[in-house]
Amino acid sequence: MTLPKISPALRQALLNLLRIGVSVTLLAVVLSQINLARLAQTLGEADLRLYAAALGLGLTGVALRAWRWKVLLDAVGARVPYGRLLYLYFVGAFFNAFLPTGFGGDVVRVLEFGPGADKATAAGTTVVDRLAGFIMLFALALVALPFALSLVPGRLLILIGALALAVLLGSLLLFEGNLLRRVTGVLTSRLPGRLQFLSLSGNGWLARMYAVVTACGRGAVLRALGVSLVFNSVLLFAAWLLAGAFRLGVTLPTLLVFVPVATASLLLPISVSGLGVREGIYVLLFAQVGVRQEQALAFSFAYYSIDLVAGLLGGLIYLAAGLLRLRRRE
């Protein structure tokens, strides 16, 4: 018996429903293991001044990421006004917050890019932009590991260190270019013709996008990493403020180790914006240093709310641009 074919739209809808189900299930599991009355009390007793300061730092982070993207676009000859990139980053924050993965906003940024560069250039610089953030975040985690030796169990430190090294080495491999081009060329040569677009060499769209990734140049990548250092420092300071707001009693080196791991949960396209996955990770990690579950969960919700507020602001900007017919496309 031949099974009916599922259309791409229906398949995507089913995947989205599955991700929503995963988020709901994981959140339900986490919530079932804590005292909800204590969680409500922890949220109610939060220092709102520290939370407001953390929120302001989070919005500053959006502006810094837009500047990082401009550094990369300038390096490949795409002259796009900073205001336009800031708009796109806020719009991307909206879709990142409300789409089933943490990368939907990147796709929207490319699709909404408008004049100034082709889609391959926009996509390639977006990839480098994302990578620059993850590279610096995990580099900071590696720097913090020696300071967390007495705070975090050894096996957990080894796992986090291995993850950080994998991210850094994988990024170096991606930027090097030649090896990946040879490997994908060999692999795709054995695939059917319709899959030849997966090769990173040639004139295909994916190859042209990857050419932009490797064409950014060492100088631009280093400048982007410098902006990422400032950006991640700002967000880590925001996390430290939130830890103070909920009286977690953890040190900055501990956050330098834990935050990258939770942030990496966005790489897993199994939930809605990491919801459920991130909360479970924070509860497990903070338990290693004696933080109560309701405090860890309150911290996780508050940290996520920074992205949520930026996303809501981006949604309002996107709506206003549509009503005023200010959206620009190629």
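The preceding data block contains the structure.
A quick note: this is a predicted structure, and the numbers were derived from the prediction, not measured.

## Observations concerning a nonpolar patch on the surface
- A surface patch of nonpolar side chains, amounting to about 280 Å² of accessible area, comprises L17, I20 and V24.
- With respect to the helices, strands and loops of the structure, I20 is situated in helix α1 (residues 8-32).

## Observations concerning the environment of F231
- Within the fold, F231 resides in helix α10 (residues 217-245).
- Relative accessible area serves as the criterion here: at 7%, F231 is assigned to the buried category.
- Taking the C-alpha atoms as reference points, F231 and L64, 167 residues apart in sequence, are found 6.0 Å from one another.
- If sequence neighbours within four positions are ignored, F231 has contacts with G61, L64, R65 and R68.

## Some thoughts on the packing of helix α3 (residues 48-75) against α10
- Interhelical geometry of α3 versus α10 gives an angle of 170° and a closest axis separation of 9 Å. One way to sum up the angle between α3 and α10 is to call them roughly antiparallel.
- Residues belonging to the contact of α3 with α10 are distributed by class as follows: 22 nonpolar, 4 polar and 3 charged.

## A word on the environment of L248
- Looking at where L248 falls in the secondary structure, it is placed in the loop between α10 and α11 (252-263).
- Classification of L248 by relative accessible area gives buried; the value is 7%.
- The spatial distance from the C-alpha of L248 to the C-alpha of F299 is 8.4 Å, given a sequence separation of 51 residues.
- For L248, the contacting residues outside a window of four places in its chain are A243, F286, V291, Q295 and F299.

## Some remarks on helix α6 (residues 119-144)
- Taking 1.5 Å per residue, 26 residues should reach 38 Å; α6 reaches 38 Å between its end C-alpha atoms and fits that length.
- Counted residue by residue, α6 has 20 buried out of 26 residues, so it is predominantly covered.

Conventions and cut-offs
- Residue positions are counted from 1 within each chain, in the order its sequence is given.
- Two thresholds apply to this predicted model, a pLDDT of at least 70 for residue-level local features and 80 or more for giving and counting side-chain atom pairs, whereas whole-chain, interface and lining totals are computed over all residues.
- Water and hydrogen atoms play no part in the side-chain values, which are based on all heavy atoms of the structure.
- Surface patches are drawn from residues lacking salt bridges whose relative accessible area is over 30%; two like charges belong together within 9 Å, two nonpolar side chains (Val, Leu, Ile, Met, Phe, Trp, Tyr) within 5 Å.
- All accessibility values rest on the Shrake-Rupley procedure with a 1.4 Å probe; residue burial counts only the protein chains present in the view.
- Only one rule defines a salt bridge in this text: a Lys or Arg side-chain nitrogen within 4 Å of an Asp or Glu carboxyl oxygen.
- Secondary structure elements follow DSSP: runs of H or I of four or more residues count as helices, runs of E of two or more count as strands, with numbering from the N terminus.
- In this scheme, a residue with accessible area under 20% of its type's maximum is buried, one over 50% is exposed, and one in between is partly exposed, where area comes from a 1.4 Å probe on protein chains only.
- Here, two residues are considered to be in contact whenever any of their heavy atoms come within 4.5 Å of each other.
- The convention used is that axes are lines fitted to C-alpha atoms, helices contributing only their stretch in contact, and that angles between N-to-C directions extend from 0 to 180 degrees.
- Roughly parallel means an angle under 35 degrees; roughly antiparallel means over 145; roughly perpendicular covers 65 to 115; every other angle is labelled oblique.
- Under the scheme applied, nonpolar residues are Ala, Val, Leu, Ile, Met, Phe, Trp, Tyr, Cys and Pro; charged residues are Asp, Glu, Lys and Arg; polar residues are all the others, including Gly.
- A helix is expected to span 1.5 Å for every residue after the first.

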